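Structural characterization, general
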Amino acid sequence: MPQATLERLASREKVEPRSGRRSTLGAKDRTFGFMIALPAVLLFLVIAIFPLVSSIGTSLYDQSLLRPDRTFVGLGNYAAVWDEFVARLGTTLTFASLATVFPLVLGVALAMLLNSRMRGRNILRGALMLPWLLPGVVVSFLWAWIFNDSYGVVNHVLSVFGMPEISMLGNPIGAMAAVIIAKTWHSFPWIMVVALAVLQTLPSEQIEAATIDGATRAQRFRYISLPHITGPVALVAVLEFIYNFGNFDTIFVMTGGGPGDSTTTLAVSLYHLAFGSYELGKASAMGALWLVLLAIISSGYLLLNRRLEK
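Heads up: these notes are all about the structure in this document. (Residues numbered from 1 in each chain as written. Predicted model: local features only at pLDDT ≥ 70, side-chain atom pairs only at ≥ 80, totals over all residues. Heavy atoms only, no water.)

Considering the overall build of the protein
When its secondary structure is counted, the protein shows twelve helices and two strands. Counting from the amino terminus, helix and strand elements in the protein follow one another as α-β-β-α-α-α-α-α-α-α-α-α-α-α. On C-alpha atoms alone, the protein measures out to a radius of gyration of 29 Å, which is more than a quarter above the 19 Å that the 2.2 N^0.38 rule sets for 310 residues. If you line up the protein on its principal axes, its C-alpha atoms span 115 × 75 × 30 Å. Here the protein holds 310 residues, and the buried ones make up 33% of them. Long-range pairs, those at least 24 residues apart, make up 67% of the contacts in the protein with a sequence separation of at least 6. Looking at the protein as shown, the accessible area adds up to about 18900 Å², and 67% of this sits on carbon and sulfur atoms. Of the side chains in the protein, 23 bear a positive and 18 a negative charge, and the two mean positions are spaced by 13 Å. (Helix = DSSP H or I, 4+ residues; strand = E, 2+ residues; numbered from the N terminus. Rg over C-alpha atoms; globule rule 2.2 N^0.38 Å. Buried < 20%, exposed > 50% of the residue type's maximum accessible area, 1.4 Å probe, protein only. Contact = heavy atoms within 4.5 Å. Areas by Shrake-Rupley, 256 points an atom, 1.4 Å probe, with all protein chains shown as cover. Lys, Arg positive; Asp, Glu negative; His and termini not counted. Charge placed at Lys NZ, Arg CZ, Asp CG, Glu CD.)

Concerning a nonpolar patch on the surface
Together, Val 41, Leu 42, Phe 44, Leu 45, Ile 49, Leu 52, Val 53, Ile 56 and Leu 291 make up an exposed nonpolar region whose accessible area comes to about 740 Å². Per-element accounting of the nonpolar patch gives the leading share, eight residues, to helix H1 (residues 3–58). On the secondary structure map, Val 41 appears in helix H1. (Patch = residues over 30% accessible without salt bridge, like charges linked within 9 Å, V, L, I, M, F, W, Y side chains within 5 Å. Salt bridge = Lys/Arg side-chain N within 4 Å of Asp/Glu carboxyl O.)

Re the nonpolar core
Buried together is how nonpolar side chains tend to be arranged in soluble globular proteins. In terms of nonpolar packing, the biggest core is built from 20 residues, with Val 81, Phe 245, Leu 266 and Met 286 touching the most fellow members. Secondary-structure elements contributing two or more residues to this core are helix H2 (76–115), helix H9 (217–245), helix H11 (266–276) and helix H12 (280–309). The biggest single contributor to this core is H12, with eight residues. If near-sequence neighbours (up to four positions away) are discounted, Phe 245 is found in contact with Leu 89, Thr 92, Leu 93, Ala 96, Leu 266, Trp 290, Leu 293, Leu 294 and Ile 297. (Core = buried A, V, L, I, M, F, W, Y, C linked by side-chain atoms within 4.5 Å.)

Focus: the side chain of Gln 63
Here Gln 63 shows up in the loop between strand S1 (61–62) and strand S2 (71–72). Within the structure, the side chain of Gln 63 is placed 3.2 Å from the side chain of Arg 70, a separation counted as a polar contact. (Polar contact = N/O pair within 3.5 Å; in protein donor to acceptor, adjacent residues only side chain to side chain.)

Digging into unusual backbone geometry
Residue Pro 259 is bonded to the preceding Gly 258 through a cis peptide linkage, with omega at -5 degrees. Within the secondary structure, Pro 259 sits in the loop between helix H10 (249–254) and H11. One non-glycine residue with positive phi stands out, namely Tyr 278, at about 60 degrees. Structurally, Tyr 278 is set in the loop between H11 and H12.

Structural notes on the packing of aromatic side chains
One pass over the structure, following the stated rule, counts eleven aromatic pairs. Where Tyr 61 meets Phe 72, the ring centres are 5.4 Å apart and the plane angle is 75 degrees; that geometry is what we call edge-to-face. On the criterion of sequence distance, the pair formed by Tyr 61 in strand S1 and Phe 72 in strand S2 is long-range, its members being eleven residues apart. Put simply, the rings of Phe 248, Phe 252, Tyr 271 and Phe 275 touch in pairs and so form one group of aromatic residues. Lying over the aromatic face of Tyr 61, Arg 70 brings its terminal NZ or CZ to 3.9 Å of the ring centre. (Phe/Tyr/Trp six-rings, centres within 6.5 Å; stacked < 30°, edge-to-face > 60°. Lys NZ or Arg CZ within 6 Å of the ring centre and 35° of its normal.)

Remarks on the packing of H2 against H9
H9 packs onto H2 with a crossing angle of 145 degrees between their chain directions and a minimal axis gap of 9 Å. Regarding H2 and H9, the two cross each other, and that crossing is right-handed. Contacts between H2 and H9 involve Leu 89, Thr 92, Leu 93, Phe 95, Ala 96, Ser 97, Ala 99, Thr 100, Leu 104, Val 108 and Met 112 on the former and, on the latter, Phe 221, Ser 225, Ile 229, Val 233, Ala 237, Glu 240, Phe 241, Asn 244 and Phe 245. The residue makeup of the contact of H2 with H9, split by class, is 14 nonpolar, five polar and one charged. (Axes fitted to C-alpha atoms, helices over the stretch in contact; angles between N-to-C directions. Left-handed = near helix turned anticlockwise from the far one by under 90°. Nonpolar A, V, L, I, M, F, W, Y, C, P; charged D, E, K, R; others polar.)

Here's the deal with the pattern of salt bridges
Per the stated rule, a full pass over the model turns up four salt bridges. One salt bridge connects Asp 62 with Arg 67, and the closest N-O pair in it is separated by 3.0 Å. Overall, the relative accessible area of 29% leaves Asp 62 in the partly exposed class. For Arg 67, a relative accessible area of 35% corresponds to the partly exposed category.

A closer look at the environment of Pro 189
Looking at the element boundaries, Pro 189 is found in helix H7 (residues 172–200). Owing to a relative accessible area of 0%, Pro 189 belongs among the buried residues under this scheme. Taking the C-alpha atoms as reference, Pro 189 lies 8.0 Å from Leu 130; in sequence the two are 59 residues apart. With sequence-adjacent residues up to four places away left out, Pro 189 is seen in contact with Leu 128, Met 129, Pro 131 and Trp 132.

Focus: H2
Taking 1.5 Å of rise per residue, the 40 residues of H2 would be expected to cover 58 Å, and the 56 Å separating its terminal C-alpha atoms lies within 8% of that figure. Along its length, H2 reaches its greatest deviation from straightness, about 40 degrees, at Trp 82. (Expected span 1.5 Å × (residues − 1). Bend = angle between axes of the 7 residues up to and from the residue.)

With respect to the environment of Ser 262
The topology assignment puts Ser 262 in the loop between H10 and H11. Each C-alpha atom of the pair Ser 262 and Ile 173 lies 7.9 Å from the other, and the pair is 89 residues apart in sequence. Excluding residues within four positions of it along the chain, Ser 262 makes contact with Thr 91, Pro 172, Met 176 and Gly 257. At 2.9 Å, the side chain of Ser 262 forms a polar contact with the backbone oxygen of Pro 259.

Shown next as structure tokens:
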């Protein structure tokens, strides 16, 4: 047999054990990775998937906390809560939209202010972060006290200046305005932080060149700063809208959904069905409809995020 052939066979024998060893190590790595991820997967199934499947199953039954048995009704619960769902959807969209727009405008404006060269801006940055550090329930109780008709700060200040007192939480428009103000105060800091972080990446040469060319502050914001922060801030706005769409603590603590049903959102309505009327079947149906709507909104967020990453 030629010497060249022998050398090729010898080299092939050396390579094959190595390739087999690599495949064995790869299989071990995959098994190890699966075992590491298994507890997290099981925890996710127990915490998220099982309650979701159980809730969807409950939505097909006439079930109440006041009755030990339950009756299969199919889609009957969905038909029973449909009118309530549509009625509360408008209130939810109103709250979620306004509670997103106002923090967005305030957060971007403060980010522009803090990005400028001003004295004490580092102290101001830390102070403006305080509302975000407080729990939502604490913020809700704070603003409920501020707007209280009898001993609230707002009416006290108005009485000091001889102005007529107002009932913010006692009328539909005032109650909606109160919960939006409270949510705006709680949410604007994190939008401000994101916008400020993006502004920090803007090259100063662009601003300086525009200033030398005679651009005003408004023009620099419109043509340089705003296009630079539009993408990240848009993602934050969509995410904030999703949060506000499912907000419960602010409205429940401050108004309980009232006066009347003027501030009853889907979250508050679902709570009343489940723990006020004890109708678990109808509450689960309301939650399932709410889940579908949130899935559509979340899909829009993911598509926007993917488009901006390209």
